Amino acid sequence: MTADPYDGFPPGFFDRDDPTPDDVFYGPPRLVTHIDDRAIAAVGALYTELGITGRALDLMSSWVSHFETPPAELVVLGMNAAELDANPAATQRVVHDLNVDPRVPLPDADVDAVVCCVSIDYLTRPIEVLAEAARVLRPGGVLAVTFSNRCFPTKAVHGWLGTPDSQHGALVAELVRRAGGFTEPEVQLRTPAGRGDPLWAVTAVRA
């Protein structure tokens, strides 16, 4: 990363309407899904297509990780212990607030894949978090960031709310580039246009 990885972004781009600590907002368990069944299926199909079978990290996770077939080992990192405990695919659970500390508490080159589903818009320091994803990935490991057009608007960053949905892929791709350590990110719309919740994906490989 450069000395200022956010150089060029407008002031306040990564601020939020609700700056209170996230552990307050995410304290009550929410055992619900935040995208529709078609979008959920698109997430699982992407993970299968990417061949995520070994040891994976699910960033900003919850009670479900949307794999068609869960990997052999799945580390789920999220804000709510009860939600993580309810995740049947998890083999390791880590309660951690990435907006307080963007460091991922895993060793270097520890996982084969890092996924982040419908949560990238809540990160106030996304470049540092993505740099950490690169650090914990083994060379050749995959990054998959998926997102839709739904969010908790008071907790999403201003820049995300102020950017058209069609441009969010370009935004996430730029964050991945600035994090460093990845091949050129690829942006895809993974669901049919105009049919239910849209599901976009940004994928890259650990260089």
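In case you missed it, the structure is sitting above this.
A quick note: this is a predicted structure, and the numbers were derived from the prediction, not measured. (Residues numbered from 1 in each chain as written. Predicted model: local features only at pLDDT ≥ 70, side-chain atom pairs only at ≥ 80, totals over all residues. Heavy atoms only, no water.)

Focus on the overall build of the protein chain
- Of regular secondary structure, the protein chain possesses 6 helices and 7 strands.
- Starting at the N terminus, the α and β elements of the protein chain follow one another as α-α-β-β-α-β-β-α-β-α-α-β-β.
- Compactness check: the protein chain gives a C-alpha radius of gyration of 16 Å against a globular reference of 17 Å for 207 residues, within 12% of the reference.
- If one aligns the C-alpha atoms of the protein chain with their principal axes, the spans along those axes are about 40 × 35 × 35 Å.
- Looking at the protein chain residue by residue over its 207 residues, the buried ones come to 51%.
- At a minimum sequence separation of 6, the contacts of the protein chain that also span at least 24 residues come to 67%.
- Counting only carbon and sulfur atoms, one obtains 55% of the accessible surface of the protein chain, whose full area is about 9,100 Å².
- Taking the average location of the 16 positive side-chain charges in the protein chain and that of its 28 negative ones, the two points are 2 Å from each other. (Helix = DSSP H or I, 4+ residues; strand = E, 2+ residues; numbered from the N terminus. Rg over C-alpha atoms; globule rule 2.2 N^0.38 Å. Buried < 20%, exposed > 50% of the residue type's maximum accessible area, 1.4 Å probe, protein only. Contact = heavy atoms within 4.5 Å. Areas by Shrake-Rupley, 256 points an atom, 1.4 Å probe, with all protein chains shown as cover. Lys, Arg positive; Asp, Glu negative; His and termini not counted. Charge placed at Lys NZ, Arg CZ, Asp CG, Glu CD.)

Concerning helix H4 (residues 126-136)
- Among the 11 residues of H4, 9 are classified as buried, and the element is accordingly described as predominantly covered.
- Taken as a whole, H4 has its buried residues at Pro-126, Ile-127, Val-129, Leu-130, Ala-131, Glu-132, Ala-133, Ala-134 and Val-136.
- Buried residues along H4 sit against strand S1 (55-59), strand S4 (111-117), strand S5 (137-147) and helix H6 (168-179).

As for empty space enclosed by the protein
- Per the counting criterion, the structure on display carries 1 cavity of 30 Å³ or more.
- As a volume, the largest cavity reaches approximately 40 Å³.
- Considering the residues around the largest cavity, the lining is formed by Phe-13, Phe-14, Ile-120, Asp-121, Pro-126, Val-157, Trp-160, Leu-171 and Leu-175.
- Along the lines of polarity and charge, the residues of the lining of the largest cavity split into 8 nonpolar, no polar and 1 charged. (1 Å grid on protein atoms, 1.4 Å probe; cavity = no way out; pocket = protein on both sides within 12 Å on 5 of 7 lines; lining within 4 Å. Points joined across faces, edges and corners; volume = space filled by probe spheres on them. Nonpolar A, V, L, I, M, F, W, Y, C, P; charged D, E, K, R; others polar.)

Looking at the layout of surface pockets
- Here the largest pocket is characterised by a volume of approximately 620 Å³.
- In terms of lining residues, the largest pocket is bounded by 33 residues, among which His-34, Met-60, Ser-62, Val-118 and Ser-119 are the most central.
- Going through the elements one at a time, S1 and strand S2 (73-78) are the ones with two or more residues in the lining of the largest pocket.
- Here the lining of the largest pocket is built from residues that sort into 16 nonpolar, 11 polar and 6 charged.

Remarks on the nonpolar core
- Formed by 40 residues in total, the largest nonpolar core has its most connected members in Leu-57, Leu-59, Val-114 and Leu-143.
- Mapped by element, the contributors of at least two residues to this core are S1, S2, S4, H4, S5, H6 and strand S7 (200-205).
- Here this core gets 7 residues from one element, more than from any other, and that element is H4.
- Dropping the residues within four chain positions of it, Leu-59 is found in contact with Leu-77, Leu-98, Val-104, Val-114, Val-115, Cys-116, Cys-117 and Val-129.
- Counting residues in hydrophobic clusters, the runner-up holds 23 residues, among them Ile-40, Val-76, Val-118 and Ala-201. (Core = buried A, V, L, I, M, F, W, Y, C linked by side-chain atoms within 4.5 Å.)

A closer look at the pairing of S7
- When you tally the buried positions in S7, you get 5 out of 6 residues, the bulk of the element.
- Examined bridge by bridge, S5 and S7 share 6 bridges and lie antiparallel to one another. Along S7, the bridge assignment pairs Val-145 with Val-202.
- Here strand S6 (residues 186-189) pairs with S7 via 4 bridges, running antiparallel. Residue Leu-189 lies in a different strand from S7, and its bridge partner there is Trp-200. (Pairing = 2+ DSSP bridges.)

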